[in-house]
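# Observations on the three-dimensional arrangement
The residues making up each chain are set out below.
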Amino acid sequence: MAGSTGWTEPSTAGHTAARDAWGRGRGQTPSEFLENPSQSSRLTAPFRKHVRPKKQHEIQRLGEAPGIKNQWPRDLCSHLFQLVKKLSDLTGCTQVVDVGSGQGHLSRFMSLGLGLKVKSIEGDQRLVERAQHLDQELLQALKKEEKRNPQVVQTGSRHSPHHVVQWVDPRTLCEELLLPLEDSRQGGARLLLTGLHACGDLSVALLRHFSYCPEVEALASVGCCYMKLSDPGGYPLSQWVATLPGYELSYRLREGACHALEEYAQRLQKAGPGLRTHCYRAALETVIRHAQPKLRRPGVQGIPRVHELKIEEYVQQGLQRVGLDPQLPLNLAALRAHQAQENRVVAFFSLALLLAPLVETLILLDRLLYLQEQGFHSELLPIFSPELSPRNLVLVATKGPLGQAFSVLESEDS
């Protein structure tokens, strides 16, 4: 662990990045989607397949290194050196570990697109199997593309990510995460940890592995699902935030920080029937708590075309999704009374959502300060377009000085 460097006050770098992030690129469509809103012009067709526009934007933007142009044809990749690639080079890392990798989109891009050695760690066996299938599909597509475009020079051999099924416990160090790949050079691997929207405590686990493990030289982390942070344990992490009066963040505040401010503002402008989802969900919560008082704030997902449902139909489907009897007797008069409050529910939700940037900034600055208190070098960079990816701040850290290599990107096209 790095020793103390006489740190007494929080650095202003993270504050500036977080402040600028909320005013950056608002209302602007990233240039990569101007020709086709569903296809990033900075990724070739093989890398776009099975990947939604939001994820396309994230995997190619995860820290572009401005000013370094690639030598490949523009249609293959507009910037060869992504943040992870640049960070890996600067710190001498020999291996990237993608934690909470899901279907492996980021791992696949880093290994097959950027030529990095990548270990991909995911706890869900089904997602790992899907990732391995997509790896093979992409390899075949790239081979076909090379045959069609022989002028494209492939530098070195391609290696798919090394996938591991492993749950990472945020309370303990994960040995698998630290193990080098078989083809790592002798003397042990130098690791770069990354997690794209690592959920809840998983982001905290990345910070702790970076802090405690000498093998880990660098970190690039994008957090998500703040309401799933352990209390205590997941927040606060820094001594500085822990001394602030009223630093506590309730579940509701942390959950609100996960919502997309930009997307919801567009919904308010359209004033469409989809806004009634909030009223329906509030009504469902009252029914759930009446039927099962100990079941609080269960996740309810996957109810399609909510605006076309009657409130009782939504409640019945919601009950089924949380494991309760959908045929429970319902008080229709009470549900109608809830529905009559729709505008007030939307107004309340809108006011609460205005606090989202403040709460997320506090959580991320707490993580930044946690690293700085231990003498590490860290910055918060607003990398993604908030229109596509609301969680657009990347926490970058190294155990040596960063210098000017990762000064805050001023625009999406830097």
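Residues numbered from 1 in each chain as written. Predicted model: local features only at pLDDT ≥ 70, side-chain atom pairs only at ≥ 80, totals over all residues. Heavy atoms only, no water.

Here we take up the overall build of the protein. When helices and strands are tallied, the protein shows 16 helices and seven strands. Long-range contacts, defined here as pairs at least 24 residues apart, represent 71% of the contacts in the protein between residues at least 6 apart. When the accessible area of the protein is evaluated, it comes to approximately 20,400 Å², of which 52% is carbon and sulfur surface. (Helix = DSSP H or I, 4+ residues; strand = E, 2+ residues; numbered from the N terminus. Contact = heavy atoms within 4.5 Å. Areas by Shrake-Rupley, 256 points an atom, 1.4 Å probe, with all protein chains shown as cover.)

Another point: the environment of Leu253. As for its placement among the helices and strands, Leu253 is situated in helix α10 (residues 251-256). Sequence spacing of Leu253 and Ala352 is 99 residues, and the spatial spacing of their C-alpha atoms is 8.1 Å. With sequence-adjacent residues up to four places away left out, Leu253 is seen in contact with Leu355 and Val359.

Applying the stated criterion across every chain yields a total of 11 salt bridges. Glu285 serves as the salt-bridge partner of Arg281, at 2.8 Å between the closest nitrogen and oxygen. One end of the pair, Arg281, and the other, Glu285, are both in helix α12 (residues 276-291), four residues apart, so they sit about a helical turn from each other. The partner of Glu308 in a salt bridge is Arg305, with the nearest N and O atoms 2.5 Å apart. Sharing partners across several salt bridges, the network here consists of Arg281, Glu285 and Arg289. (Salt bridge = Lys/Arg side-chain N within 4 Å of Asp/Glu carboxyl O.)

At a closest axis distance of 10 Å, the pairing of helix α13 (residues 311-321) and helix α14 (residues 332-339) adopts a crossing angle of 105 degrees. The angle between α13 and α14 falls in the class roughly perpendicular. Residues Ile311, Glu312 and Val315 of α13 form the contact with α14, whose participating residues are Leu332, Leu335, Arg336 and Gln339. (Axes fitted to C-alpha atoms, helices over the stretch in contact; angles between N-to-C directions. Parallel < 35°, antiparallel > 145°, perpendicular 65-115°, else oblique.)

Across the five residues that make up strand β1 (residues 95-99), a large majority, five, are buried. Neither face of β1 is exposed, since Gln95, Val97 and Val99 on one face and Val96 and Asp98 on the opposite face are all buried. Across four bridges, β1 lies against strand β4 (residues 191-199) in parallel orientation. Bridge assignment links Val96 to a residue of β4, and that residue is Leu192. Looking at chain direction, β1 and strand β2 (residues 118-122) are connected through four bridges and run parallel. By the bridge assignment for β2, Val96 is matched with Val118. Handedness of the β1-helix α5 (residues 105-113)-β2 crossover: right-handed. (Buried < 20%, exposed > 50% of the residue type's maximum accessible area, 1.4 Å probe, protein only. Pairing = 2+ DSSP bridges. Right-handed = clockwise from strand over helix to strand, strands pointing away.)

Let's shift gears to the sheet that holds β4. Taken together, seven strands build an open sheet; the order of strands is β3-β2-β1-β4-β5-β7-β6 and the sheet is mixed. In this open sheet, the two edge strands, each paired with only one partner strand, are β3 (162-165) and β6 (377-382). The sheet shows a mean angle of 15 degrees between the axes of neighbouring strands, taken without regard to direction. Sheet analysis places β6 next to strand β7 (residues 393-398), joined by six bridges and oriented antiparallel. Paired with Pro382 across the strands is Leu393, a residue of β7. Against the sheet, helix α6 (residues 125-148) makes contact with β2 and β3, and its axis sits at roughly 165 degrees relative to β3, the strand it touches most.

Moving on: the packing of helix α8 (residues 201-212) against helix α16 (residues 356-373). Orientation of α8 relative to α16, taken along the N-to-C sense of each, is 10 degrees, at an axis distance of 11 Å. Viewed along their axes, α8 and α16 adopt a mutual orientation that is roughly parallel. Facing Ser203, Val204, Leu207, Arg208, Phe210, Ser211 and Tyr212 of α8, the residues of α16 in contact are Arg367, Tyr370 and Leu371. Its residues placed into classes, the contact of α8 with α16 shows six nonpolar, two polar and two charged. (Nonpolar A, V, L, I, M, F, W, Y, C, P; charged D, E, K, R; others polar.)

We now examine the environment of Leu365. Here Leu365 shows up in helix α16. Overall, Leu365 belongs to the buried group, its relative accessible area being 10%. For the pair Leu365 and Leu380, spaced 15 residues apart in the sequence, the C-alpha separation amounts to 8.2 Å.

A cluster of basic residues, Lys143, Lys144, Lys147 and Arg148, forms a positive patch at the surface. Tracing the sequence through the fold places Lys144 in helix α6. (Patch = residues over 30% accessible without salt bridge, like charges linked within 9 Å, V, L, I, M, F, W, Y side chains within 5 Å. Lys, Arg positive; Asp, Glu negative; His and termini not counted. Charge placed at Lys NZ, Arg CZ, Asp CG, Glu CD.)

One pass over the structure, following the stated rule, counts zero disulfides. Looking at Cys225, it has no disulfide partner, and the nearest cysteine sulfur is the one in Cys199, 3.3 Å off. For Cys225, a relative accessible area of 17% gives the class buried. (Disulfide = S-S within 2.5 Å.)

Cis geometry is adopted by the peptide bond preceding Pro236, which originates at Tyr235 and carries an omega value of -5 degrees. Checked against the element boundaries, Pro236 lands in the loop between β5 (216-224) and α9 (239-242). A positive phi is found at Cys225, a non-glycine position, where the angle reads about 50 degrees. By the element assignment, Cys225 lies in the loop between β5 and α9.

Turning to the confidence of the model for the protein, a few remarks are in order. For the protein, the mean per-residue pLDDT works out to 77, and 72% of the residues sit at or above 70. Between the elements of the protein, mean pLDDT differs from a low of 47, seen in helix α1 (residues 12-21), to a high of 95, seen in α9. Across residues 1-15 the pLDDT falls below 50, and counting only partners more than four positions away or on other chains, this stretch makes 24 contacts in the model. Residue range residues 63-81 is modelled with pLDDT below 50. Its contacts to residues more than four positions away, or to other chains, number 43 contacts. (pLDDT = per-residue confidence, 0-100.)

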